[in-house]
Every structure is written in C-alpha cells, then in structure tokens.
Amino acid sequence: MTSANAEPLGVWKKTGTFLEMIKISHTVFALPFAIGAAFLAAAGVPSLPVLAKIIGAVVLARTASMSFNRLVDHRIDAQNPRTATRALPAGELSRGFVIAVTIGCVAGFLAIAASLNPLALQLAPVVLVVLLGYSLTKRFTALCHAVLGLALGLAPVGAWVAVRGELDWTPALLALVVLLWTTGFDVIYACMDEAFDRKAGLFSIPARLGIPRALRLAAALHIGMVAALVGLWWYADGLNTIFLCTTGVVSALLIYEHALVRPDDLSRVNRAFFTMNGIISFLVMASLIAESVVA
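Before going into details, it helps to say that this report is about the structure given with it.

What counts as what
- Residues numbered from 1 in each chain as written.
- Predicted model: local features only at pLDDT ≥ 70, side-chain atom pairs only at ≥ 80, totals over all residues.
- Heavy atoms only, no water.
- Axes fitted to C-alpha atoms, helices over the stretch in contact; angles between N-to-C directions.
- Helix = DSSP H or I, 4+ residues; strand = E, 2+ residues; numbered from the N terminus.
- Parallel < 35°, antiparallel > 145°, perpendicular 65-115°, else oblique.
- Left-handed = near helix turned anticlockwise from the far one by under 90°.
- Nonpolar A, V, L, I, M, F, W, Y, C, P; charged D, E, K, R; others polar.
- Salt bridge = Lys/Arg side-chain N within 4 Å of Asp/Glu carboxyl O.
- Buried < 20%, exposed > 50% of the residue type's maximum accessible area, 1.4 Å probe, protein only.
- Patch = residues over 30% accessible without salt bridge, like charges linked within 9 Å, V, L, I, M, F, W, Y side chains within 5 Å.
- Areas by Shrake-Rupley, 256 points an atom, 1.4 Å probe, with all protein chains shown as cover.
- Contact = heavy atoms within 4.5 Å.
- Phe/Tyr/Trp six-rings, centres within 6.5 Å; stacked < 30°, edge-to-face > 60°.
- Disulfide = S-S within 2.5 Å.

1. Observations concerning the packing of helix α8 (residues 169-190) against helix α11 (residues 211-235)
Inference 1: Where α8 contacts α11, the two axes come as close as 8 Å, and the packing angle between them is 160 degrees. Our classification of the angle between α8 and α11 gives roughly antiparallel. Note that α8 runs across α11; the crossing there is left-handed.
Inference 2: Its residues assigned to classes, the contact of α8 with α11 comprises 19 nonpolar, six polar and no charged.

2. Quick word on the pattern of salt bridges
One side chain can pair with another of opposite charge once the charged atoms of both are near each other.
Inference 1: A complete count under the given rule lists eight salt bridges for this structure.
Inference 2: Put simply, R139 and D73 hold a salt bridge, and the shortest N to O gap is 3.0 Å. Residue R139 is found in the loop between α6 (118-137) and α7 (144-164), and its partner D73 is found in the loop between α3 (48-72) and α4 (74-79); the two are separated by 66 residues along the sequence.
Inference 3: Classification of D73 as buried rests on a relative accessible area of 14%.
Inference 4: Across the pair D77 and R86 runs a salt bridge, and its minimum N-O distance is 3.2 Å.
Inference 5: Judged by relative accessible area, R86 falls into the buried class, the value being 19%.

3. Here's the deal with a nonpolar patch on the surface
Inference 1: A cluster of nonpolar side chains, V45, L48 and V293, forms an exposed patch at the surface whose accessible area comes to about 310 Å².
Inference 2: You can see V45 is positioned in the loop between α2 (31-42) and α3.
Inference 3: Residue classification places V45 among the exposed positions, given a relative accessible area of 58%.

4. Here we look at the packing of α8 against helix α13 (residues 269-294)
Inference 1: Contact pair α8 / α13: the axes reach a minimum separation of 10 Å and the direction vectors enclose 170 degrees. Taken together, the axes of α8 and α13 are roughly antiparallel relative to one another. Contact residues: L174, W181, F185, I188 and Y189 in α8; V269, N270, F273, N277, I280, S281 and L288 in α13.
Inference 2: For the contact of α8 with α13, the per-class residue count stands at nine nonpolar, three polar and no charged.

5. Description of the packing of aromatic side chains
Inference 1: Applying the stated rule across the entire model yields five aromatic pairs.
Inference 2: Ring geometry for F29 and W181: centres 6.1 Å apart, planes at 85 degrees, overall edge-to-face. Taken together, the residues span a long stretch of sequence, with F29 in the loop between α1 (3-21) and α2 and W181 in helix α8 at a distance of 152 residues. Exposure class is identical for F29 and W181. Each is buried.

6. Remarks on the state of the cysteines
Simply put, the disulfide is a covalent bond whose two ends are the sulfur atoms of two cysteines.
Inference 1: In the structure shown here, the tally under the stated rule is zero disulfides.
Inference 2: Here C144 stays unpaired: no disulfide links it, and the sulfur of C191, its closest cysteine neighbor, is 12 Å away.
Inference 3: Assessed through its relative accessible area of 4%, C144 is described here as buried.

Quick look at the structure:
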C-alpha cells in the first residue's frame, strides 16, 4: 500500500472508531423528537434551512456530550470489563484527538444557535452545561439517569425555539415525555453495570435500589411517559387521532420492552434498549409530522 493511500485509510479508520466510541447510532433517540417538534412548531413543513440547522445542532451537541463523557470516564471505562475495549482505554484514539473534536463540536453548536435567533443563542450555554455536566453526575448522585433524560429532553425544546424563537408549554410537555422515557430506559441499561458501580463507588439507581426495584421504577417512569403523551395530545394544537393511536402503539412497545428484561436475565437489555426505543422515537416523530402536515 502506498503512503498516499495509507493516510486516507487511516483517517477513515479513525473516524469509524470515533463514531463507534460515541455510539453515533444512538442519535436516533433525541433527533427524531427534535425533527417532530420542528414540524409541530411550524404547524406544517418547517423551513428547510432551519430544519438542517436543527439536525446539525442536535448531532453536534450529542457528539460533544459523548466525546466529553468518554474523556472524563476513560479511567472508569478501563476498569469496567464491559467498557474496557472502548477506544480511549484501549488506546485506539488519543485524548488530544477527542478533546479537539469536543471543542470543535461545541463551537459548531454555538455557531448554529447564533445563526438561528437571539433566544437560541441565549439558551445554548444552558444546554451545553446540562449535556456536558451529565458526564460528572454518576460520581455524586443516583439521579444521573434523570439528568440524561433532561439532556435529551432539551432537543425538542431547542427545535421549537429554532422555529418559533420563543418558549411554550407544548415543547415543555414533549420534553417531559423524553425525560421520563430516557430516564426509564437508562435505568434499564444501567442494570448491566450494577455490580461494577457498587464496587467502584459510583451512583446509579440499580446500584442504590438493586436490579428488581430499579426495573420496577423504570416501568413506573414509562407509565409516566405514556401519561405525558396523553397530556400532550390533550393540550397541543393539531394533535389528533394519529398521535393518540401512536401513543397506544408506544404503550404496547414499552410493555414488550419490559418483558424482554428480567432481574435474573439481562441478556436482552441491548435489544430492549436500542431496538425498541429506536422504533418508539421514530413512531412519535412520524406521528408529529403526519399530524402537522395533515393539519
């Protein structure tokens, strides 16, 4: 292989390793809610340039958050058998590279916010504090799962502000939906690290309550999510039969998700975590788009 070909291949490999490290596929959790909120805020099809900026802002903000998470957790990840093979503890990426990407994504996010409207720029630092601060919360509070829920819940609020330049109760309700949903499925996911978290002195709901009670709490949070969806349907203008039917389907998927995971069998957590929740986020997005376009 010539040196001319080796460098591009090295760049592609590093990029692929980085994207895998930050779990870029998990963008499917927040991004669909932001896109759906943009359509709802516009009461139809939003401006394509604004929609593109919303997508860019969500991707950049999440990349900054996950990069920072991997940076501050790299020593913890190295001690955890489940995460020891991640790129930083395994030495596949340098800290300098990840720091540079984090700074670049923060700068890009702020630039997009500044190009949207004054309120978007004013709220951008608050968003970054929540997104970056989440990575530190497992060191001092079991409510870290709720902080992650808040971080993802800010995505539809940001999309609404991007389109309308103002805050409203409708995106706040949608943020509550995302907060309860995310907190619930993150508690389920954290069950895989219950033993390690206890040993390492880290805070999480499974480590504090035990796996059986943690799973019951996750179920309660998801019941709250469904109630919030019904509340959003009742309150928001333009949400009718399609959204209500989608809420019913989401309820069924959540029941199935919880049926996949038992205190004595966590082998299907990844299936419950990624597959079911990815489907849920896209269904909610599709219903918000459909209701907005039909209206």
